[in-house]
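Examination of the molecular architecture
Residues per chain are reported as follows:
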Amino acid sequence: MKLNRLTSMVLIALVAGVLVGYACHRLVPDSEAAHDLAGYFTLLADIFLRMIKMIIAPLVFSTLVVGLANMGDAKTVGRIGSRALGWFIMASFCSLVIGLVLANVLQPGHNLGVPLPQSADSLGLQTSSLNLKNFITHVFPKNFFEAMATNEVLQILVFALFFGIALGQLHHQSARSLVNTMDEVVHVMLKVTDYVMRFAPVGVFGAVAGAITVEGLGMLSVFGKFMLSFYVALAVLWLLLVGAGYLVLGKDVFRLIKLIRGPLLVGFSTASSESTYPKLMEQLERFGIKPRVTAFVLPLGYSFNLDGSMIYTTFLAIFIAQAYGIEMSLASQVTMLLVLMVSSKGIAGVPRASLVVVAAVLPMFNLPEAGILLILGIDHFLDMGRTFTNVLGNAIATAVVAKWEGAVDPNAALADDEDETPLAAHAEPTQPLAAAEPVAPGLSVQMASEVAPGPRQPS
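None of these values were measured; they are calculated from a predicted model. (Residues numbered from 1 in each chain as written. Predicted model: local features only at pLDDT ≥ 70, side-chain atom pairs only at ≥ 80, totals over all residues. Heavy atoms only, no water.)

A few words now on helix α15 (residues 307–323). Because each turn of an α-helix spans 3.6 residues, side chains separated by three or four positions in sequence point in the same direction. The end-to-end C-alpha distance of α15, which contains 17 residues, comes to 24 Å, matching closely the 24 Å that a straight helix rising 1.5 Å per residue would cover. Across the 17 residues of α15, 17 count as buried, placing the element largely inside the fold. Once α15 ends, the next one or two residues include G325, with phi positive near 70°. (Helix = DSSP H or I, 4+ residues; strand = E, 2+ residues; numbered from the N terminus. Expected span 1.5 Å × (residues − 1). Buried < 20%, exposed > 50% of the residue type's maximum accessible area, 1.4 Å probe, protein only.)

If you want it as structure tokens, here you go:
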């Protein structure tokens, strides 16, 4: 299955999910029956997401260890990490500013006209532990196997950082054999990814059909102004990210976007960044990025570079203030922006991460957290846009850092001219990226069969 075929199948599944979900919503007699029926649809999405989560921990660990072991020197790791974090911080700040400015300009909560809830007890959002102390403590794993079992990407990254650098300092044959074994684990996980991604259209259908069955299309019209305003803000952020990428990558940024259209569509449809991780990694390495950079920067981005979530936090907070008719001074809004900047880092693994951050910050500025209940019904559709943006932001960030490091193969674009050639035909050592990485030649050539030819790629 080639990437263009996978993209087509996901698009068909997305449309089918809307149609089937709307038909079911119209035919079911009551809300309880709608939830029961939607449960069977979401079962398909749950199975797909569980299979994706099954892949993430071993894929992140093995690719990162192989990449770090081949770097050889800790200074290189520090340089790449500092450049990546610098980009992440600037992108996050710009995202927050865009959300703040456009929420004030577009006024999505002005004269809302919807009865406002008085309690937030039913939110089910755990905000008490959301503080800097707990976050920093949580970054460091107390048990490696627990981190693997719970898919704590940041904790896996920390352990892999120590393990990979230590392995790179050992130069005897046994150490190199272990590196080669980890490289083979990567190959196996890529084949598993191939099998799992064939189920993506089914998962997309289940996720969309389940959401529409319960909420119907009417919910979209009621909150149409808020959704439209938020997607306008996202579009502005997309232009900014692509523009920033163009400054560093030049016209190659458009080739990058073309390559990642499949992961973008899957992320948008499933509203899960985790569902795109394996395929995104493949496509970034097909773009020409060396595996050692992709394996380090991309997992880091999934924890620290959530541009879509960033813009949503400020946009939603201002929306709630407008909905309740609460005036916020410019100083208060800027202060809230800075608080959100710090509070939102490293929460990728938290359920409803954006809502958790907003619910934790609202009381600090005398805003009722019950206002989050206003958008819970349509949050799935908003999350689709947030996920799309997160995936786009991390792809561009990884490519930019790789460009700064001189770790982008200049000949990779030539391989893209052979889009109809199966990947198996490229599993030769003549691949530019494979030649640049002699210790791990298969990282870029044993791709999932649905991906278009060239070097390879949750939450």
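Moving on, we come to the confidence of the model for the protein chain. With 76% of its residues at a pLDDT of 70 or more, the protein chain has an overall mean of 76. Segment residues 113–123: pLDDT under 50, and 21 contacts once partners within four positions in sequence are set aside and those in other chains are kept. Within the model, pLDDT remains below 50 along residues 419–459, and this stretch shows 142 contacts once partners closer than five positions in the same chain are excluded. (pLDDT = per-residue confidence, 0-100. Contact = heavy atoms within 4.5 Å.)

This brings us to the nonpolar core. If you look at the biggest cluster of nonpolar residues, it comprises 126 residues, and the most contacted ones within it are F226, L316 and I375. With 14 residues, the top contributor of residues to this core is helix α2 (residues 31–71). Filtering out sequence-adjacent residues up to four positions away, F226 remains in contact with P108, Y312, F315, L316, F319, I375, I378 and L382. (Core = buried A, V, L, I, M, F, W, Y, C linked by side-chain atoms within 4.5 Å.)

With that out of the way, let us pick up the pattern of salt bridges. Counted by the stated rule, this structure contains five salt bridges. Ionic pairing is found between E405 and R79, a salt bridge with its closest N-O pair at 2.8 Å. In this pair, E405 sits in the loop between α18 (379–404) and α19 (412–415) while R79 sits in helix α3 (residues 74–106), placing the two residues 326 residues apart along the sequence. For R255, the salt bridge identified is with D252, shortest N-O distance 3.8 Å. Here the residue R255 and the residue D252 both occupy positions in helix α11 (residues 252–259), the gap between them amounting to three residues, near one helical turn. Salt bridges sharing common partners tie together R79, R83 and E405. (Salt bridge = Lys/Arg side-chain N within 4 Å of Asp/Glu carboxyl O.)

This part takes up unusual backbone geometry. Backbone geometry places Q107, a non-glycine residue, at a positive phi of 50°. By the element assignment, Q107 lies in the loop between α3 and α4 (132–139).

The next subject is the environment of A207. By the element assignment, A207 lies in helix α8 (residues 200–215). Its relative accessible area of 10% is what places A207 among the buried residues. Taking the C-alpha atoms as reference, A207 lies 9.9 Å from G39; in sequence the two are 168 residues apart. Apart from the residues within four sequence positions on either side, A207 is in contact with A45, S269 and H380.

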